[in-house]
Amino acid sequence: MDQIIDFLTSKSLAEMAADPRVLFGTAVIFVVAVLFRWKYVLLFLFAIGATMTVLRYTGGGGASETIVDRSMMLFIGGTIVIAIVLIYFVFIRD
């Protein structure tokens, strides 16, 4: 248990997202959630994965003001798309 806590506290979020153990654990949880049709677990995995993708895609900007503005617009747009998908699957689709 101490090794797990040390692993979680010593890494940044980007390093943990690229770690093979975390990716394998996420894949196992995804497969189990699909097999048992756990909608909320799948939506949670989608939200985390999509947010990490948006952050990774928009995080590579430079010091230019136009790049920062473009990255901010992509981040806002990506976050809105994620929110719309989550709202649709949680509240609208039955």
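Residues numbered from 1 in each chain as written. Predicted model: local features only at pLDDT ≥ 70, side-chain atom pairs only at ≥ 80, totals over all residues. Heavy atoms only, no water.

**As for the packing of aromatic side chains**
In plain terms, the rule: Any pair of Phe, Tyr and Trp rings, taking the six-membered ring for Trp, is counted once the centres come within 6.5 Å. Such a pair is stacked with planes under 30 degrees apart, edge-to-face with planes over 60 apart, and tilted for the rest. A simple rule labels every residue: compare its accessible area, found with a 1.4 Å probe on the protein chains alone, to the largest value its type can have, and call it buried under 20%, exposed over 50%, or partly exposed in between.
Applying the stated rule across the entire model yields two aromatic pairs. Ring centres of Phe36 and Trp38 lie 5.2 Å apart, and the angle between their planes is 20°; on these two criteria the pair is classed as stacked. A residue is classified by how much of its surface remains accessible, and Phe36, at 56% relative accessible area, is exposed. Judged by its relative accessible area of 42%, Trp38 falls in the partly exposed class. Look at Tyr88 and Phe89: their rings are 5.1 Å apart centre to centre, the planes differ by 80°, and that puts the pair in the edge-to-face class. Judged by relative accessible area, which is 38%, Tyr88 ranks as partly exposed. Assessed through its relative accessible area of 29%, Phe89 is described here as partly exposed.

**A look at the pattern of salt bridges**
Our working rule: Whenever Lys or Arg places a side-chain nitrogen within 4 Å of a carboxyl oxygen from Asp or Glu, that contact is recorded as a salt bridge.
If you walk through the whole model with that rule in mind, you get one salt bridge. In this structure, Arg21 and Asp19 form a salt bridge, with 3.3 Å as the shortest nitrogen-oxygen distance.

**Points about helix H3 (residues 20-36)**
The test is simple: Helix and strand labels come from DSSP, where a helix needs a run of H or I of at least four residues and a strand needs a run of E of at least two; each type is numbered from the N terminus. The span you would expect from a helix comes to 1.5 Å times its residue count less one. For this analysis, a polar contact is any N or O atom pair within 3.5 Å, provided that within protein one partner can donate a hydrogen and the other can accept it, and provided that sequence-adjacent residues contribute only side-chain to side-chain pairs.
For H3, spanning 17 residues, the distance from its first C-alpha to its last is 24 Å, which sits close to the expected 24 Å at 1.5 Å a residue. The N-capping residue of H3, defined by a side-chain oxygen 2.8 Å from the backbone nitrogen of Arg21, is Asp19. The positive-phi residue at the C-terminal boundary of H3 is Arg37, with phi of around 55°.

**A look at the environment of Met16**
Definition in use: By definition, residues are in contact when any of their heavy atoms lie within 4.5 Å.
By the element assignment, Met16 lies in helix H2 (residues 13-18). For Met16, the residues in contact, after removing those within four places along its chain, are Phe7, Leu8, Lys11 and Val22.

**Here's the deal with the confidence of the model for the protein chain**
Going by this rule: For every residue, the pLDDT score states the predictor's confidence, bounded by 0 at the bottom and 100 at the top.
Overall, the prediction assigns the protein chain a mean pLDDT of 83, with 89% of residues at 70 or greater. Taken element by element, the predicted model of the protein chain shows its lowest mean pLDDT in H2 (79) and its highest in H3 (93).

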